[in-house]
Every structure is written in C-alpha cells, then in structure tokens.
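What follows is each chain in one-letter form.
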Amino acid sequence: MEYGYSPKAVHHDPIRRLWSLALGAAAPWRVRSNPETTELRDARHRVLARGRMTADAPVILKRPGGSTLRLDPVEIGTGFHAILASERLQPGVVYSQAETALGTRLGATPEQIADLPCLATGTTIATDDGPQPVDWLRPGDRVLTRDNGYQPLLWLAQMTLPRDCPEAARPLTIAPATFGAELPAAPLTLTRGQRIVLAGPELDLWFGDSEVSARTDELLAASARVADGQRHFYSLLFRAPEVILAEGLWVESIQATPDYLALLPDRTRHALARQISPGHGQTVRAWLKDWETALFVAETKAGKARLAA
C-alpha cells in the first residue's frame, strides 16, 4: 500500500538532502491506483482527487537504521499535487536522500533526447507485478520482454523535453488502435527515435526478417500527433537490449551505445559498464533504414493494414 501526503506536509532540506514529516501533519491519504486512474482519499474516506497520474523523478530515502523507502512527487488529474510514499512516514524521523541512479536526469539536448528511445511519464509497462507506469519502475523490477521473459531493470534515466523545444524534437503521440485492436491500448507518447517492433510474413519477403524495428517518426509521421508542452521521458536499460511491452505495443529498450553512455555522469557510467553485456554492441532487431520504412508504409497503406508485433 502507498500513502499520500500534501507537499506542504513533507519538509525537504535540499542543501543537506534531508526529508522529514512536518510536526502536526494530518494522517496520510490512502491511494488506490490502476493503469487508468488514481484516487486519493483522506482519513474520513472523502475523495480528494481522482484522475490519471503523472510523476516526477522518484526519490529514495534512507532511514537512520539504513533501510530505504521511496517517495514519488505526482500530479493527479489537472493540478492536484501530492507526494506518495511506499511506507508511512514517521513523525520525528529525519530521512537522508540516498545516492542512487534511480531516475537520474541526463544532461542531454532536446535533439539528443528526441533521437533516443524513450517513453513518456505514465506509459504502462508490463511487469511481473502487473502493469506499472514507467515512472514507478526502479532498478531490479522485473519487466516482461519479448525474447527472454521477465528481466530485471538495470537502470532508469529521466529526461525532460522543454515546452519550447524545437519542432523537430517534439515527441509524438500514437492514438489507440493505430495498429489494430488495442495496439496500442491507450494513447502512447514516444520520442521520435523510439523504435517500434513490426512483425509479419510480408516483412520476411521484403526485408529478409520476420521481425524488424522502425523509428516512430519515420513510421508514423503522417498519423501521429505532435505532443505539446513539457514532457518527462524515461529510458530503460537492461543488461542486454530487450523488446518490452508498452501500452500493449512491443518497443525496444535503450541500447548502451557509446553516444548514450557519454551522456551519463562518470560515476554512473563506470558502475553500469561493469554490468552491461556485450549484447549492447548489436541491435535487438534489424533496424529499417528510412527508405525501407517508407516502402513499408507505402505497401501497408495500399493494403490498408499495418503490422505490429
């Protein structure tokens, strides 16, 4: 169970990186969530907020004894802000912020972010605990992969595309059922460089592979909607590149290329280098070139069908 608090009830000292519950804070709110909506109720069971939830980067706190808990700054619906805690905060206890790579922000330009495979806040990912928003994941969580069953998440990075980023870097939103029933199951906002996995016998005929990947912007430039406003995005890193299920659609995880690793803080890059496999030197699926994707789009448009894995 998670507990919700007003942001005013949780004190944060950013200089010393300390957190505590305000004296006299009201009883925590109760949280009920599913992939579509989140509801907050106070101690009297009155509904405080209900709607789709988005979250900022999570924070890991250490108790004086050394064990940890997690805080998630969230917005529910339009304009209702709260802090969710994985466990009930204790009055009088001062928690220190843990040094962790969870939710680390990358110092990348909008153009660099747009070129990476990233998923927007709130995107539902299939895990062994059921569907979870991508921004709720943490290293060690077991994510469903197309090729290797459930695999532990090695690292999660957060990036932000600002409201005023160049038009060519703005993310794209795919409408539900673009590829058929429940593909995707809900609106899916992706960076332009996110690769979607395609499958079908026609692909083997055209490209020599029954499954291939194509960039979102090259595959859906004519049909996807350009997303407006500031957006937070997440890249998921596994020991080897994987194909994961996002809103019912199979997409590729991040590949640890030299360009991507160069964006990471030195300490994080060195720590991850010891854990990733040589598999990151190869793509998890063959990548279509832009002209091959154009051929695919033309052929499937003529046949009034699109193929997704």
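For the structure itself, look to the data block above.
My aim in this report is to walk through the structure given alongside it, one point at a time. (Residues numbered from 1 in each chain as written. Predicted model: local features only at pLDDT ≥ 70, side-chain atom pairs only at ≥ 80, totals over all residues. Heavy atoms only, no water.)

**Comments concerning the packing of aromatic side chains**
For clarity, the threshold we go by: Two rings from Phe, Tyr or Trp (for Trp, the six-membered ring) form a pair when their centres are within 6.5 Å of each other. A pair whose planes differ by under 30 degrees is stacked, one over 60 is edge-to-face, and the rest are tilted. Per the convention used, a helix needs a DSSP run of H or I reaching at least four residues, while a strand needs a run of E reaching at least two, with both numbered from the N terminus. For the exposure calls, accessible area comes from a 1.4 Å probe over protein chains only, and a residue counts as buried if that area is under 20% of its type's maximum, exposed if over 50%, partly exposed in between. Working rule: Lys NZ or Arg CZ, within 6 Å of ring centre, within 35 degrees of ring normal, means a charge sits over the ring.
The full count for this structure, using the stated rule, is 3 aromatic pairs. An angle of 50° between the planes, with centres 5.8 Å apart, marks the rings of Trp-29 and Phe-80 as tilted. Separated by 51 residues along the polypeptide, Trp-29 in strand 4 (residues 29-33) and Phe-80 in strand 10 (residues 80-85) bring together distant segments of the chain. Overall, the relative accessible area of 14% leaves Trp-29 in the buried class. Between the aromatic rings of Trp-206 and Phe-207, the centroid separation amounts to 6.1 Å while the plane-to-plane angle is 80°, which identifies the pairing as edge-to-face. By relative accessible area, which is 18% here, Phe-207 ends up buried. Connected via pairs of aromatic rings, a cluster forms that spans Trp-206, Phe-207 and Phe-296. Directly above the aromatic system of Trp-287 lies the positively charged group of Arg-195, at a separation of 3.6 Å from the ring centroid.

**Topic: the pairing of strand 5 (residues 38-41)**
Cut-off, in case you're wondering: Note on pairing: two strands pair once DSSP finds at least 2 bridges between them.
Bridge count for strand 4 against strand 5 is 4 bridges, and the pairing is antiparallel. Within strand 5, the position partnered with Arg-30 by the bridge is Arg-41. Examined bridge by bridge, strand 5 and strand 6 (residues 47-51) share 4 bridges and lie antiparallel to one another. Within the sheet, the bridge partner assigned to Glu-39 lies in strand 6 and is Arg-50. Taking the residues that link successive antiparallel strands as the turn, the strand 5-strand 6 hairpin has 5 residues, and the phi of His-45 there is positive, at about 70°.

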